[in-house]
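# Results of the structural survey
In case you want the letters, here they are:
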Amino acid sequence: MKKMNNLFLANMMRVRKNKLYWSLCGVMACISLCVIIKLFTSNSKQNIDNGLFMFVIPMGIATALFISIFFGTEYNDGTIRNKLIVGHKRWQIYLVNLGTSIFCALGFLVAYMMPVLLIGFPCLGIPVMDGIVYLKMVMTSVATMISFCALYTMVSMIYHSKAGATVINLLLAFLLLFACLMLISVLSAPETIPSFGIGGETTYVPNPSYVTGIKRILYQTIVDILPMGQSISFLMGPVSALWQLSTYSILVCLICTTVGIVLFSRKNIK
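The structure presented is a predicted model; accordingly, all values stated were derived computationally and were not measured.

Parameters and conventions
- Residues numbered from 1 in each chain as written.
- Predicted model: local features only at pLDDT ≥ 70, side-chain atom pairs only at ≥ 80, totals over all residues.
- Heavy atoms only, no water.
- Helix = DSSP H or I, 4+ residues; strand = E, 2+ residues; numbered from the N terminus.
- Buried < 20%, exposed > 50% of the residue type's maximum accessible area, 1.4 Å probe, protein only.
- Areas by Shrake-Rupley, 256 points an atom, 1.4 Å probe, with all protein chains shown as cover.
- Lys, Arg positive; Asp, Glu negative; His and termini not counted.
- Charge placed at Lys NZ, Arg CZ, Asp CG, Glu CD.
- Expected span 1.5 Å × (residues − 1).
- Contact = heavy atoms within 4.5 Å.
- Polar contact = N/O pair within 3.5 Å; in protein donor to acceptor, adjacent residues only side chain to side chain.
- Patch = residues over 30% accessible without salt bridge, like charges linked within 9 Å, V, L, I, M, F, W, Y side chains within 5 Å.
- Salt bridge = Lys/Arg side-chain N within 4 Å of Asp/Glu carboxyl O.
- Phe/Tyr/Trp six-rings, centres within 6.5 Å; stacked < 30°, edge-to-face > 60°.
- Lys NZ or Arg CZ within 6 Å of the ring centre and 35° of its normal.
- Disulfide = S-S within 2.5 Å.
- Core = buried A, V, L, I, M, F, W, Y, C linked by side-chain atoms within 4.5 Å.

## Things to note about the overall build of the protein
A tally of helices and strands in the protein yields 10 helices and 2 strands. Each helix and strand of the protein, placed in order from N terminus to C terminus, yields the pattern α-α-α-α-α-α-α-β-β-α-α-α. Its C-alpha atoms give the protein principal-axis dimensions of about 85 × 45 × 30 Å. Each of the 270 residues in the protein was classed as buried or not, and the buried ones make up 44%. Accessible surface, the protein as shown: approximately 14,200 Å² in total, 70% of it carbon and sulfur. Charged side chains of the protein number 19 positive and 7 negative; the gap between the two group centres comes to 24 Å.

Here you go:
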């Protein structure tokens with residue numbers, strides 16, 4: 001445990017001096033400020049609830065960039081090799097790096113929430129949603145954030161190239177985002193569509209694009225499992241099956257971490 005604490009403290013020293021990390025924190029704060037301004041200047045009456053969980057998608061992209069470059073630098077500089085030489089176990093290095101990723105992601109969350117607390121609440125008021133629901137959504141969004149970190153850490157720890165890991169993680173982030181948007185678009189199609197008769201009468205007929213049965217269940221499950229799918233769900237408003245999303249996030253984290261540790265343990269590090 002002492003060795004892992006030392007590794008974590010060493011990582012934190014690097015994070016503290018990392019310009020990319022603080023720049024991304026600034027970006028998250030700017031995104032938050034833009035969301036508040038948009039809500040405040042909107043013609044329709046808006047409350048702060050509409051902007052509380054918009055951090056999940058940009059945070060998913062920010063963590064992809066930061067984790068790839070931060071840990072990719074360890075390969076380029078020979079830091080990982082040096083850690084192994086002094087006696088650190090590979091699983092220890094991996095878990096500490098995952099913990100560092102999660103800690104830094106929490107920093108992105110804090111950076112987003114600061115303008116909300118300092119500007120959003122005074123201008124738009126406190127959240128109107130039920131306190132218990134809000135707390136559950138915060139915990140679920142943090143679980144989603146952790147699953148992002150587990151996925152990107154896995155890629156960064158098993159791929160030795162900083163540039164390659166960055167490209168892969170960013171592609172993953174955007175491909176998952178677009179795939180989930182497409183699936184949600186399909187799932188959001190109305191069950192019936194209007195049909196206009198010769199006399200101008202309007203009737204509703206079945207929509208051929210409406211997905212039913214096993215196919216609909218499969219699409220919805222994919223959206224719920226993928227971190228980007230969960231992120232979009234937060235943007236769309238209060239989520240009902242929060243426990244289900246949290247369970248999927250935990251499973252994604254466990255699977256990615258297990259696969260990452262196994263492959264990293266077998267990796268030939270020069």
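There is more to say after this.
## What to know about helix 2 (residues 19-41)
Helix length check: helix 2 (23 residues) gives 33 Å between terminal C-alpha atoms against 33 Å at 1.5 Å per residue, within 8%. Residues Tyr21, Leu24, Cys25, Met28, Ser32, Val35, Ile36 and Leu39 constitute the buried set of helix 2. Here the buried face of helix 2 lies against helix 1 (2-16), helix 3 (56-77) and helix 5 (90-124). By the N-cap criterion, in which a side-chain oxygen at the helix start approaches the backbone nitrogen of a residue two or three places on, helix 2 is capped by Asn18, the distance to Leu20 being 3.0 Å.

## Here we look at a nonpolar patch on the surface
A cluster of nonpolar side chains, namely Leu33, Ile37, Val110, Met114, Leu117, Leu118 and Ile119, defines an oily patch on the protein surface of about 610 Å² accessible area. For the nonpolar patch, the elements supplying multiple residues, two or more each, are helix 2 and helix 5. Counting residues per element, the nonpolar patch draws most heavily on helix 5, which supplies 5 residues. Structurally, Val110 can be placed in helix 5.

## Re helix 10 (residues 242-266)
A rise of 1.5 Å per residue sets the reference length of helix 10, with its 25 residues, at 36 Å; its end C-alpha atoms lie 36 Å apart and thus fit the reference within 8%. Every buried residue belonging to helix 10 is among Leu242, Leu245, Ser246, Tyr248, Ser249, Val252, Cys253, Cys256, Thr257, Gly260 and Phe264, and all of these are buried. Those residues of helix 10 that are buried are in contact with helix 3, helix 4 (79-85), helix 5, helix 6 (131-158), helix 8 (213-225) and helix 9 (227-235).

## Brief notes about the packing of aromatic side chains
Aromatic ring pairs are reported here in terms of the distance separating the ring centres and the angle at which the planes meet. Summed over all chains, the structure comprises 12 aromatic pairs. Relative to Phe70, the ring of Phe66 lies with its centre 5.1 Å away and its plane at 25°, an arrangement referred to as stacked. With Phe66 and Phe70 both in helix 3 and 4 residues apart, this pair spans about one turn of that helix. Of the two residues, Phe66 and Phe70, neither departs from the other in class, the shared state being buried. Between Phe70 and Phe71, the ring centres sit 5.1 Å apart and the planes meet at 80°, which makes this aromatic pair edge-to-face. In this structure an aromatic cluster arises from ring pairing among Tyr21, Trp22, Phe66, Phe70, Phe71 and Phe108. Cation over ring: Arg14 sits above Phe70, and NZ or CZ is 4.0 Å from the ring centre. Stacked on the ring of Phe264, the Lys or Arg Arg90 has its end atom at 5.8 Å from the ring centre.

## Topic: the pattern of salt bridges
For the structure on display, the rule yields 2 salt bridges. For Arg14, the salt bridge goes to Glu74, with nearest N and O atoms at 3.1 Å. Linking Arg14 in helix 1 with Glu74 in helix 3, this pair joins segments that are 60 residues apart in sequence. Lys83 serves as the salt-bridge partner of Glu74, at 2.8 Å between the closest nitrogen and oxygen. Accessibility assignment for this pair places Glu74 and Lys83 in one class, buried. Among the charged side chains, a network of salt bridges with common partners joins Arg14, Glu74 and Lys83.

## Re the state of the cysteines
Throughout the structure, instances matching the rule amount to 0 disulfides. The structure places no disulfide on Cys25, whose sulfur is separated from the nearest cysteine sulfur, that of Cys104, by 8.0 Å. Unpaired in this structure, Cys149 has its nearest cysteine sulfur neighbour in Cys104, at a distance of 8.4 Å.

## Some words on the nonpolar core
With 70 residues, the main nonpolar core has Met28, Phe55, Met59, Phe66, Phe108, Met228 and Phe264 as its most contacted residues. With near-sequence residues (within four places) excluded, Met228 lies in contact with Ile57, Ile61, Phe148, Ala173, Leu176, Leu177 and Cys180.

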